Amino acid sequence: MSLVLYNDLTRTKEPFVPLREGHVGFYSCGPTVYDYFHIGNARPFIVFDVLRRYLEFSGYRVTFVQNFTDIEDKMIARANREGITVRQLADRFIAEYYKDADALGVKRATHNPLATEHMDEIIELVSTLIKKGHAYESEGDVYFDVKSFSKYGALSKQTIDELQAGARIDVTENKRHPLDFALWKAAKEGEPHWTSPWGEGRPGWHIECSAMAMKYLGETLDIHSGGTDLTFPHHENEIAQTEAATGKPFVKYWIHNGYLLIDKEKMSKSLGNFLTARAALEQFPARAIRFFMLSAHYRSPINFSEDSLHQARAAMDRLDNCWSDLRYAIDSRKKGETGEGKELSARFADLEKKFRAVMDDDFNTAGAMGVIFDGVKIINTYLKENEILDMEALRSAENFFVKIDSVMGLLPAEADGGDEEQEIEKLIAERNEARKNRDFGRSDEIRDDLAARGIILEDTPDGTKWKKKA
RNA sequence: GGCGGCAUAGCCAAGUGGUAAGGCAGAGGACUGCAAAUCCUUUAUCCCCAGUUCGAAUCUGGGUGCCGCCUCCA
């Protein structure tokens, strides 16, 4: 059993076989850093983070590259509006990107290259394309000649004529063909520019991904991912540029995530119907957002709503409760040799197999959730039905969660110990003393005070547990 | 016009031939000083029609509805 991925190039699921055994070169299109990213943008960050983690979990060494587009029309417009340089704008929103992505539990990429730091590579790639007759200069601009690349449209499954028929682009530019796209743009007044063989200018949007992907991952990548709206033209153009230059296949597996909808409509900056990840994080716990994103298959559209986030949050609470009950049992409940260790270990080993099976099938995270909650049920029942617990059983359960969570990233961070924790323990002791004396007024007062601080108490036959509200 | 996706219980959502995972919400019960948590029980003729098959949510054809790409967009 091994990983199968849906490849948009062939529109079928294919067994995943990397170019180099044991290693995966994975490029994911990153944000244009002109603003906070919105919750729809967050979807690919989260789902491909999970794919990357799953590959690592499966034993691959993954080189994961995600770029920042830091020079582009919208960057220039916003920087001008704010009276700052494009560089300052980029620095600011790169920092903001990390804040939000970190909060959402997205692992840092191996490399986060910037377009502006790869001008040499970009210029060289454009030069090569001109030399090979796939690109032409026109008044300081350089365009890719789509007619020169016979496979153009292979990813979109459309011919050049079909693509053009629906085209809504104006033909006023210096292009030979309406679908020709800019590799290099001549500098305009007040724009950042770099020196090139075609005069001062800046790169087109698509070329940076090709140049940087090749620099960090070589001429052929294992996986390239992005939102499905990037399929055309961005990824189509990346293929054209790169393959025209190298004569080699650019990417083995193209994968695209479905949209995040809001009110059944695509969330996008241009439609104005977006909620920034920053704003969403103020409203909902980060792990609930992550949970929501992973509760459906990555290729399906998902509808963002307050209700679906509440549902995700409630489900996450169930997982949290189980986890904290388990940890509490390991630390504080009665243990003994009960002979149930083997049985529970076997059941968790079986669940781990199921987890691998569903994830191997095009990383079906929604299926994986089912497996996780099967584990939750087993643990809850075991803890409920037994006075004396078997340490081997508890450890196998803990191990199961830790392993799976290395992929899913849904469990809360470790409690930090420290003064606050000691104070809480003291208050709990005081409250239990009050309860013993049937002084429920005082007892409830302490519980209410702690609740106001986000600390939830639960009385169990083995003592009082506490947890922080998510 | 071309290309593509989706339609499973009140809600979210897995499931590509053998009579439907999981989560949320609801109802009843157990436990509890009260809570909370947990456990048990309970809720689906899988959009419609026709076909293939011993057998279809799953395959084929035809509908209906919703969404998207072909322009910057994750």
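Reading the values: the criteria
- Residues numbered from 1 in each chain as written.
- Chains lettered and ligands numbered in written order.
- Predicted model: local features only at pLDDT ≥ 70, side-chain atom pairs only at ≥ 80, totals over all residues.
- Heavy atoms only, no water.
- Phe/Tyr/Trp six-rings, centres within 6.5 Å; stacked < 30°, edge-to-face > 60°.
- Helix = DSSP H or I, 4+ residues; strand = E, 2+ residues; numbered from the N terminus.
- Buried < 20%, exposed > 50% of the residue type's maximum accessible area, 1.4 Å probe, protein only.
- Lys NZ or Arg CZ within 6 Å of the ring centre and 35° of its normal.
- Salt bridge = Lys/Arg side-chain N within 4 Å of Asp/Glu carboxyl O.
- Pairing = 2+ DSSP bridges.
- Right-handed = clockwise from strand over helix to strand, strands pointing away.
- Core = buried A, V, L, I, M, F, W, Y, C linked by side-chain atoms within 4.5 Å.
- Domains from an automatic or database assignment.
- Contact = heavy atoms within 4.5 Å.
- Axes fitted to C-alpha atoms, helices over the stretch in contact; angles between N-to-C directions.
- Parallel < 35°, antiparallel > 145°, perpendicular 65-115°, else oblique.
- Left-handed = near helix turned anticlockwise from the far one by under 90°.
- Nonpolar A, V, L, I, M, F, W, Y, C, P; charged D, E, K, R; others polar.
- Polar contact = N/O pair within 3.5 Å; in protein donor to acceptor, adjacent residues only side chain to side chain.
- Buried area = accessible area lost by both parts, 1.4 Å probe.

1. Examining the packing of aromatic side chains
And then number 1: Summed over all chains, the structure comprises 26 aromatic pairs.
And then number 2: Aromatic side chains Tyr54 and Phe57 sit 5.7 Å apart centroid to centroid with 25 degrees between the ring planes, which places their arrangement in the stacked category. Residue Tyr54 and its partner Phe57 are located together in helix H1 (residues 39–57), separated by 3 residues, close to a single helical turn. A single burial state applies to Tyr54 and to Phe57, both of which are buried.
And then number 3: In this structure an aromatic cluster arises from ring pairing among Phe37, Phe45, Phe68, Tyr97 and Tyr98.
And then number 4: The residue whose ring lies beneath Arg176 is Tyr136, and the NZ or CZ to ring-centre distance is 3.9 Å.

2. Description of the pattern of salt bridges
And then number 1: Throughout the structure, instances matching the rule amount to 42 salt bridges.
And then number 2: Here Lys403 makes a salt bridge to Glu352, at a shortest N to O gap of 3.1 Å. Of this pair, Lys403 sits in helix H13 (residues 391–408) while Glu352 sits in helix H11 (residues 341–360); the two residues are 51 residues apart in sequence, bridging distant segments of the chain.
And then number 3: We classify Lys403 as partly exposed; its relative accessible area is 29%.
And then number 4: Exposure remark for Glu352: the relative accessible area of 12% places this residue in the buried category.

3. What about the pairing of strand E4 (residues 61–66)?
And then number 1: Taken across its 6 residues, E4 has 5 buried, putting it largely inside the fold.
And then number 2: Examined bridge by bridge, strand E3 (residues 23–28) and E4 share 6 bridges and lie parallel to one another. Residue pairing in the sheet places Phe26 in a bridge with Phe64 of E4.
And then number 3: Taking the sense of rotation as the criterion, the β-α-β connection linking E3, H1 and E4 turns out right-handed.

4. Thoughts on the nonpolar core
And then number 1: Leu55, Ile223, Phe355, Phe401 and Met408 are the most contacted members of the largest nonpolar core, which has 136 residues in total.
And then number 2: The greatest single-element share of this core, amounting to 11 residues, is contributed by H1.
And then number 3: A domain-level breakdown of this core finds at least three residues from each of domain 1 (4–303) and domain 2 (313–408).
And then number 4: When neighbours within four sequence positions are excluded, Phe355 is seen to be in contact with Tyr54, Phe57, Ala368, Val371, Ile404, Val407 and Met408.
And then number 5: Counting residues in hydrophobic clusters, the runner-up holds 7 residues, among them Ile424, Ile446, Ile455 and Trp466.

5. Section: the packing of H11 against H13
And then number 1: Direction vectors running N to C along H11 and H13 enclose 15 degrees, while the axes themselves pass 7 Å from each other. One way to sum up the angle between H11 and H13 is to call them roughly parallel. Pair H11 / H13 crosses with right-handed handedness. Of the residues in H13, those in contact with Gly341, Lys342, Leu344, Ser345, Phe348, Leu351, Glu352, Phe355 and Met359 of H11 are Glu392, Ala393, Ser396, Ala397, Phe400, Lys403, Ile404, Val407 and Met408.
And then number 2: When the residues that make up the contact of H11 with H13 are grouped by side-chain class, the tally is 11 nonpolar, 3 polar and 4 charged.

6. What about the side chain of Lys467?
And then number 1: Of note, Lys467 is situated in strand E15 (residues 463–468).
And then number 2: A polar contact is formed between the side chain of Lys467 and the side chain of Glu458, at a distance of 3.4 Å.

7. A few points about the domain arrangement of chain A
And then number 1: Split by domain assignment, chain A resolves into domain 1 (4–303), domain 2 (313–408) and domain 3 (418–468).
And then number 2: Domain 2 and domain 3 are separated by 27 Å when their C-alpha centres are compared.
And then number 3: Contacts between the two partners involve 6 residues from domain 2, matched on the other side by 7 residues from domain 3.
And then number 4: Summed over both partners, the interface of domain 2 with domain 3 buries about 560 Å², with 39% contributed by carbon and sulfur atoms.
And then number 5: The tally of links between domain 2 and domain 3 comes to 1 salt bridge.

8. Observations concerning the sheet that holds strand E8 (residues 201–203)
And then number 1: In space, the 4 strands of this open sheet follow the order E5-E6-E7-E8, with antiparallel pairing throughout. The sheet terminates laterally at strand E5 (135–138) and E8, the two strands that pair on one side only. Strand after strand, the sheet turns through a mean of 20 degrees between neighbouring axes, direction not considered.
And then number 2: With 3 bridges joining them, strand E7 (residues 181–186) and E8 adopt antiparallel strand pairing. Note that in E8 the partner of Trp184 across the bridge is Pro203.
And then number 3: On the sheet, helix H4 (residues 119–131) packs against E5, strand E6 (141–144), E7 and E8 and is oriented at approximately 120 degrees with respect to E7.

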